[in-house]
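This is what each chain is made of:
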Amino acid sequence: MKRKQPPHNDGATSRPPRWAQRLLERIAAPHLREELTGDLDELFHKRSQRYGYAKARRLYIWDLFLLLHPRLWRRETVPAFSSKNTKNYSYPEPDCRTTSTFHPVMIRNYFKLAFRNLARHKGYSFINIAGLAVGMAVAMLIGIWIQDEVSANKHHRNYETLYQVKMHQTFDGHRGTQDAVPYPTGDELRSKYPDFKAVAMYERGAGGRSLITGNQKFIKNGIFIGEDAIDMFSLNILNGDKNPLKEPYSIVLTDETARAIFGRQDPVGQTLRLDKKVDLKVTAVVAKQPANATLQFDYLLPWHLHAKMFDWVEKHAKTDWRNNDFGVFVQLKDGIDPAQTNAKIKDVVLNHQANDPNITKLIKPEIFLHPMAKWRLYSEFVEGKNTGGFIKYVRLFGVFGLFILVIACINFMNLSTARSEKRAKEVGVRKAVGSGREQLIGQFLSESTLIAGLALVLALGMVLISLPYFNTLTEKKMTVDFGNPIFWIIMLLFTVLTGLLAGSYPALYLSSFNPVKILKGVVHVGKGASLPRKILVVVQFTFSVALMIGTIIIYQQIQHGKNRPLGFTRQGLISVNSSKDLLDHFEALQAELLATGVVSSLCKTNAPPTQWWSNNGGWEWKGATPEDKSVIFTTLATSYDYTKTMGIRLKEGRDFSRNFPTDSSGVLLNEAAVKRMGLKHPVGEILRWAGREWTVVGVIPDIVVEWSAYRAVAPMTVLFAKDWVNFINVRINPAVSSSVAIQKMAPIFSKYNPAYPFEYTFADTEYAKKFYYEELIGHLSAVVCLLAIFISCLGLFGLASFMAEQRTKEIGIRKVLGASVANVWGLLSRDFVQLVFIACLIASPIAWYAMNHWLQDYTYRIHIKLGVFVIVLALALLITLLTVSYQAIKAALLNPVKSLRSE
């Protein structure tokens, strides 16, 4: 058709948009390109004469978008071969470049072929999808857990400017770090340093107290805290006063606590009695903090109330720069550099003790700001340096998640490359008809992405089913936020990346085949082609074996700590948080409990049996140097019958006795204290502390009361101070069951302690809590290890199945020549056993190095023994044989007539 020529115009605007023309040429099918561009150009010039060039350009672009239809993208179909059209029709040369590799039509075609391949090979497809799904599910669960950890405290609006005041001190040549600072620190920072926007003192002594309303009694955990804390921590006030801690006799409840105490009633304005001592008015209800928040409480009490409830605070602590029993939260003003503020405040405590050379030369206290961003994951200090903390577990599980995902991806790579001979002719034919290598790569990557997408659906189902159990294991309340678009974006990226990772090697490998050789039938994927596959199997099992070794060593370390000699008998020992009523009537309580026959002994202490709550320096002994005054001794205060109740066997001397009135100035030492003091005959030695003389009456073993059961036991002094106590420890009669004993004790405790419900803790239960983090690592690593072995065996099963199928005729010939089932089984199993053996040899030194480094964090630790590696080697080989034996024996039992028959 002869087209009308448009009017001539040399202006830049006389032409359609260049980018639109180029786009049309790129997307239009070759046989339609000239006609479409000509028609649009002609229409453009007609419109430019009628409406002007600006509108014509806009209409050109609009028409272009209307033409974006798949029917216009298809390449011209070659007409059917016939005598009528062969003479007059000229065939276009095939040009694979005319259609983009990632053109929508091509992508659709890729996925069609991928679905057909999956449906054709259901067994291999199931193994690929199941393996990837398990790996992705584990990675997602670990990712959810890591997200929960790293997002801790980020709900606070002032997250970037909130800090906790900590203090370094040197004791006995070691630099220690603590949260506790002197009482006057808060007022000093508030009044003399303009860098701070807000300062809030706090003290957790409100924990485990009784809240009474009417006849109801509740034990809840609270915090004495300054009124600035409400705004500092951006606490969400649901009901009540906006500044609820300004009055000393007030209390702030969380919504959960308010519901527990008042039900559906409005709690604001109601009165609660605290510890049968003071009446407090509920001034506000705040939202409960998230489970991963550092600041956890059931209620808040005003800081001013602290001094009113405790006389020693008002009389001594307010002006005492030596008593480190309190904490401080601060908020910096916007734009203030925390490093500069640290330089200003570091000597605040030291300056107030400058007249004591023992402090200035030996202890050298130094306060500093620890940012909220590090409270959760970077809370560990060694020799005054922040060495990390829980972040090491986060990183460890991140590595676990990556390992399990890589193992799952290796399965896909192995099975895809193993089946390469089956798909070789497909590759050859497609290359012969014009497919470029990039299109083949696109096809194989589409297959792997499709498998990853199907695995994602299955993995999400696994996550939903397992998340409640995972929450129980980790003691969290994590959920999957399906309504969050960011979640789906992450899942999409996660799936695509997993698909690309799993399919990258098979895509590059399969697309590299030479079509000429393939179609001639000379392609061989033998030893050379199997080498990468063998390497991947070794890598896969190296990860799995290393996890097995690590899991066993973690278990051994946990058992080592649990079986550690404690120096006391924790079974049958309970502890009850005391009160003034119980202490005032202790003798009567003791007499009634002993009369029941279910209690064999009881005593009072200033800390639970498995913990210490006080330590002190300044002790002097015969031969001590001035530097020895900086030695910190764990300090335990107790009453009569301490060793009997605790089940402690004295090493020397005796316990405190009613027959010796001088025992009011008596002291027991543990073995670590005797060693540190260098006392050869400690019993009868005179010590000095707090301006008094103390006589050593006995030596006890090193009882384990440290926060970690793996730490070395510190020197300890046990003082007879029956008024400096907080707990009552009860030894249950071994002849009576614990349940019966508790049932008989409850009414007696309630009789002498009416303001509190009878609540108690077992010493063995509390001791078990010291292993929380280690057991968490052990449980998670065991789960990951089992899943890694499962995925590895799943892949091994698939490879064994394929190898048996590939060598069917070889096996038939061997059987005809006299090979037994055992011979064939050994033939097919040998290669896999060799690979797993090599993996064990590689994994063993890696696991030894990693676990030996991990054990260095524990003073009380095991030594890694050779037996662990031997056991894991045997297990790995046994698992391998069990996995491949089914396919090997199945192939060996196949009738050789069938395997050698040629259709």
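Residues numbered from 1 in each chain as written. Predicted model: local features only at pLDDT ≥ 70, side-chain atom pairs only at ≥ 80, totals over all residues. Heavy atoms only, no water.

> Lay out the packing of aromatic side chains with the relevant residues and their values.
Using the criterion set out here, one finds 37 aromatic pairs in the structure. Measuring from centroid to centroid gives 5.2 Å for Phe390 and Tyr393, while their planes differ by 55 degrees, and the two rings are tilted. The class for Phe390 is buried, based on a relative accessible area of 10%. Residue Tyr393 is classed as buried on the basis of its relative accessible area, which comes to 8%. In textbook terms, an aromatic cluster arises when at least three aromatic residues are bridged by ring pairs, as seen for Trp145, Phe390, Tyr393, Phe397, Phe400, Tyr772 and Tyr773. (Phe/Tyr/Trp six-rings, centres within 6.5 Å; stacked < 30°, edge-to-face > 60°. Buried < 20%, exposed > 50% of the residue type's maximum accessible area, 1.4 Å probe, protein only.)

> So what's going on with the pattern of salt bridges? Which residues, and what values?
Taken as a whole, this structure holds 27 salt bridges when the rule is applied. A salt bridge links Glu256 to Lys288; its shortest N-O distance comes to 3.6 Å. On the criterion of sequence distance, the pair formed by Glu256 in helix H8 (residues 255-262) and Lys288 in the loop between strand E11 (278-286) and strand E12 (299-302) is long-range, its members being 32 residues apart. Judged by relative accessible area, which is 38%, Glu256 ranks as partly exposed. Given the relative accessible area of 33%, Lys288 is considered partly exposed. With its nearest N and O atoms 2.7 Å apart, the salt bridge here joins Asp663 to Arg654. Asp663 sits in the buried class, given a relative accessible area of 2%. You can call Arg654 partly exposed: its relative accessible area is 26%. When salt bridges that share partners are traced, they join Asp148, Glu149, Arg376 and Lys476 into one network. (Salt bridge = Lys/Arg side-chain N within 4 Å of Asp/Glu carboxyl O. Helix = DSSP H or I, 4+ residues; strand = E, 2+ residues; numbered from the N terminus.)

> A description of the packing of helix H27 (residues 808-816) against helix H28 (residues 821-855) should follow, citing residues and the corresponding values.
Contact pair H27 / H28: the axes reach a minimum separation of 10 Å and the direction vectors enclose 145 degrees. Relative to H28, the crossing made by H27 is right-handed. On H28, the residues touching Glu810, Ile811, Arg814 and Lys815 of H27 are Val824, Leu827 and Leu828. Here the residues of the contact of H27 with H28 sort into four nonpolar, no polar and three charged. (Axes fitted to C-alpha atoms, helices over the stretch in contact; angles between N-to-C directions. Left-handed = near helix turned anticlockwise from the far one by under 90°. Contact = heavy atoms within 4.5 Å. Nonpolar A, V, L, I, M, F, W, Y, C, P; charged D, E, K, R; others polar.)

> Describe the nonpolar core, naming the residues involved and giving the relevant values.
Counting residues in hydrophobic clusters, the biggest one holds 116 residues, and the most contacted among them are Met140, Trp145 and Tyr642. At 17 residues, the largest contribution of residues to this core is made by helix H5 (residues 122-150). With 43 residues, the next largest nonpolar core counts Val199, Ile251, Phe262 and Leu369 among its residues. (Core = buried A, V, L, I, M, F, W, Y, C linked by side-chain atoms within 4.5 Å.)

> Any details on empty space enclosed by the protein? Residues and values, ideally.
Taken as a whole and judged by the stated rule, the model has six cavities of 30 Å³ or more. Classifying every residue of the lining of the second largest cavity by side-chain character gives 10 nonpolar, three polar and no charged. (1 Å grid on protein atoms, 1.4 Å probe; cavity = no way out; pocket = protein on both sides within 12 Å on 5 of 7 lines; lining within 4 Å. Points joined across faces, edges and corners; volume = space filled by probe spheres on them.)

> Before we move on, can you summarise the environment of Leu894 with the specific residues and values?
Along the chain, the position of Leu894 falls in the loop between helix H29 (866-892) and helix H30 (896-900). For the pair Leu894 and Thr808, spaced 86 residues apart in sequence, the C-alpha separation works out to 8.7 Å.

> I'd like a rundown of helix H6 (residues 185-192), residues and numbers included.
Residues of H6 that are buried: Thr185, Gly186, Glu188 and Leu189. Seen from one end, H6 has its buried residues packed into an arc of 165 degrees, which puts them on one side. (Arc of directions from axis to C-beta.)

> Got a sec to walk through helix H3 (residues 53-66)? Specific residues and values, please.
Taking 1.5 Å per residue, 14 residues should reach 20 Å; H3 reaches 20 Å between its end C-alpha atoms and fits that length. Listed in full, the buried residues belonging to H3 are Ala56, Tyr60, Asp63 and Leu64. Buried residues in H3, looked at end-on, bunch into an arc of 105 degrees, giving them a common side. Summarising the geometry of H3, the exposed residues directed more than 90 degrees from the buried face are Arg58, Trp62 and Leu66. (Expected span 1.5 Å × (residues − 1).)

> Mind laying out unusual backbone geometry, listing which residues take part and the relevant values?
Keep in mind that most residues, glycine aside, have a negative phi and that most peptide bonds are trans. In the Ramachandran plot, Lys364 falls in the positive-phi region, its phi being about 45 degrees despite a non-glycine side chain. Here Lys364 is to be found in the loop between helix H13 (357-363) and strand E14 (366-371). By relative accessible area, Lys364 is classed as partly exposed at 40%. One non-glycine residue, Asp641, adopts positive backbone phi at about 65 degrees. Looking at where Asp641 falls in the secondary structure, it is placed in the loop between strand E20 (633-638) and helix H22 (642-646).

Honestly, it's all geometry; don't read function into it.
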